[in-house]
Amino acid sequence: MARRPTSTVGAVSNSAELDVVDAVVVGAGFAGLYALHKFRSQGLSVRVFEAAPEVGGTWYFNRYPGARCDVESVDYCFSFSEELQQEWTWTEKYATQAEILRYMNWVADRLDLRGGITFNTRVTSATLDEQSLRWTVVTDTGETVTARFVVMATGPLSAALTPAFPGLDTFAGEVYHTAHWPHEPVDFTGKRVAVIGTGSSGIQSIPLIAEQAEHLYVFQRTPNFSVPAGNRPLTAEEVAEIKANYAERRRLSWRSGGGSPHIAHPKLTMEVSAEERRAAFERRWDLGGVLFSKTFSDQMIDEAANEEARKFYEEKVRAVIDDPALADLLIPNDHPIGTKRICTDTNYFQTFNRPNVTLVSVRNTPIESIDPTGIATSDTHYDIDALVLATGFDAMTGALDKIDIVGRDGRRLREDWADGPRTYLGLGVDGFPNLFLVSGPGAPAVLANMVLHAEAHIDWIADAIGFLDDHGYAALEATPESVDNWIAECNQRAEATLFPKANSWYMGANVPGKPRVFMLFIGGFAAYLDICAEVAAAGYKGFSLLKGA
Ligand code: N01
């Protein structure tokens, strides 16, 4: 099918009524917003469907107290437009959810994106017509749209997970999930509150809830590594300097392992003296945040190196917890540091020194049930007024599983992935021509700065579409061999690291019954981008190029 004639941006900007389009994009988070802008600018007609009433994706829903990004604000924003970079000014080192959402709304207005987005609408199915190589996309509002391309900008951490605690629905008090936090302020003053879960969401919200609640019970199954964020306001001078040097900052980010301008110590952990090692850990600790796991480049592959980082960590954390027995419970001993995403906190461990905070180790005393008045563990009943579930996500595959995606021969994506997700480059799947995943399994995705990662994927998809049109092809489809080889490569790379040692959501281990496979490409952001670029330069090596009917 020939590309539609290029329309003016104004004419395409109100595409929300079209039922035959070049591309359907699912989701209006960072990836969906950029996809709409990019595809439009190459003359494609685009429909974007978004379940929420506003843009923002994960940043629309995750508005729990203390929600912030753990990538620095000046890096966690679009790089494709120098105007956007220069016009927006971040106020803090790590932006709050509210500031990120303001930014995304500003971008949507600035680029005139809203007219292309259908809000309050969830895509329920996408079905391939093998003859025409077109997709029929159906929504929960009863709309049917056909498209040549479907782009799943659905987010790797967007399907919230609520464990099946017996009796949860009988609880008479308030229940909140961090990933579906209400828009009105929640006031815990004078209340007995329980938080279940001590991942990033729990660790960010617990200190603030503790400041309000009469009493806070923290139900911890697995202790997590958390490094102080070191958050602070950005000064006008810093902002000016960053803006003056953005090009170099971005260049470093694009060539980095994780999509931000971090440079690891030039030597390996054990190549330096104990003093130099300690100084390097101290420097990184003072800078704050998740990049502590990348102080030395071998920390995630060498157990001895990892142990050095872990010992330093333990010393730091023990120093701020008053009760040594409590510190024993709060310091992880079941996985190498960094093999689950390191959390980034502000006064998390200090919160347990407060008299109104109690840690309940559900590893020692499991939750048995929830009843109208509270939570019963194997040895105690905790009376509470409000319950906060900080229990995470069905990551990487959860949002895709919710959509009935039907490809060749009636094959369903979720059935094809029953033993774990299978993709080529995290972008394409055999049997599903012209279906593109953004930041999906098989890509670095959540191991990198998700904004740059989304830009890279959308640029690659846009180029692929251009290539198809320039060469008279209708579609692109990963071959089964390229998918097999890519999965083998991802597994091989993961096995050479310490990551598979943790029961993490990277491994699907947090969802009962989910296959235990490492779902990401671990070889680094820049290395991955090089592979994607080589595939494209070689005429989309590993993909079949299909002529239309
Ligand atoms: O989810 P999680 P999250 N009984 O899966 C516990 C990103 N993010 O929303 O470890 C009792 O990490 C579970 O226990 P366990 C970031 O990438 C980023 O916090 O499975 N407990 C765990 O403690 C992050 O990694 C930011 O034993 C149960 C917790 O719930 C990812 O999102 C902020 C349980 C879930 O932790 C996910 O973070 C927030 C049960 N049945 C999120 N089931 C920033 O940028 C689960 N748990 C800072």
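In the block above lies the structure referred to throughout.
Cut-offs and rules
Throughout this document, residue positions are counted from 1 along each chain, in the order its sequence is written. In view of the model being predicted, local features appear only for residues whose pLDDT reaches at least 70, and side-chain atom pairs are presented and counted only at 80 or more, with totals across whole chains, interfaces and linings using the full set of residues. Heavy atoms throughout the structure, all of them, feed into the side-chain values; hydrogens and water do not. Between 30 and 60 degrees the pair is tilted, below 30 it is stacked and above 60 it is edge-to-face, where a pair is any two Phe, Tyr or Trp rings, Trp via its six-membered ring, whose centres lie within 6.5 Å. Helix and strand definitions follow DSSP, with helices as H or I runs of at least four residues and strands as E runs of at least two, each counted in order from the N terminus. Classification of residues uses two cut-offs on accessible area relative to the type maximum, computed with a 1.4 Å probe and protein chains only: under 20% is buried, over 50% is exposed, and between them is partly exposed. We call two residues contacting when some pair of their heavy atoms lies within 4.5 Å. Pairs of strands are assigned from DSSP output, requiring at least two bridges between the strands. Nearness is defined per residue: one heavy atom within 4 Å of the molecule or strand is enough. N or O atoms within 3.5 Å of each other form a polar contact, as long as, within protein, one can give a hydrogen and the other can take it, and as long as residues adjacent in sequence are counted only when both atoms are side-chain atoms. When residues are grouped by polarity, Ala, Val, Leu, Ile, Met, Phe, Trp, Tyr, Cys and Pro land in nonpolar, Asp, Glu, Lys and Arg in charged, and all others, Gly among them, in polar. Lines fitted to the C-alpha atoms define the axes, with helices restricted to the stretch that makes contact. Angles between their N-to-C directions range from 0 to 180 degrees.

## A word on the packing of aromatic side chains
Summed over the entire model, instances satisfying the criterion amount to 42 aromatic pairs. Ring geometry for Y103 versus W106: centroids 6.0 Å apart, planes at 35 degrees, classification tilted. On the criterion of helical spacing, the pair formed by Y103 and W106 is a turn pair, its members being three residues apart in helix α5 (residues 97-110). You can call Y103 buried: its relative accessible area is 2%.

## Structural notes on the side chain of T178
Along the polypeptide, T178 turns up in the loop between β7 (174-177) and β8 (192-196). Contacts of T178, omitting those with residues within four sequence positions, involve F61, N62, R63, Y64, S201, S205, V388, L389 and A390.

## A short note on the pairing of strand β19 (residues 475-478)
For a regular strand, side-chain orientation follows a simple rule: the groups alternate between the two sheet faces. Judged by which residues are buried, β19 turns out to be covered on both faces: A475 and E477 on one side and L476 and A478 on the other are all buried. Looking at chain direction, β19 and strand β20 (residues 543-546) are connected through four bridges and run antiparallel. Across the sheet, E477 pairs through a bridge with S544, a residue of β20.

## Topic: the site of the ligand
Near the ligand there are 23 residues, and of these T198, S200, S201, R221 and T222 occur at the shortest range. A distance of 2.9 Å separates an oxygen atom of the ligand from a polar atom in the backbone of S200. A distance of 3.0 Å is found between an oxygen atom of the ligand and a side-chain nitrogen or oxygen belonging to W505. Partitioned by chemical class, the residues of the shell around the ligand number nine nonpolar, nine polar and five charged.

## Some words on the sheet that holds strand β14 (residues 374-377)
Pairing is antiparallel in the open sheet, where three strands are placed in the order β13-β14-β15. Only two strands of the sheet have a single partner each, and these edge strands are β13 (367-371) and β15 (381-383). On average, adjacent strands in this sheet sit at an angle of 20 degrees to one another, irrespective of strand direction. Summarising the sheet, β13 and β14 pair through four bridges and their orientation is antiparallel. Paired with S369 across the strands is A376, a residue of β14.

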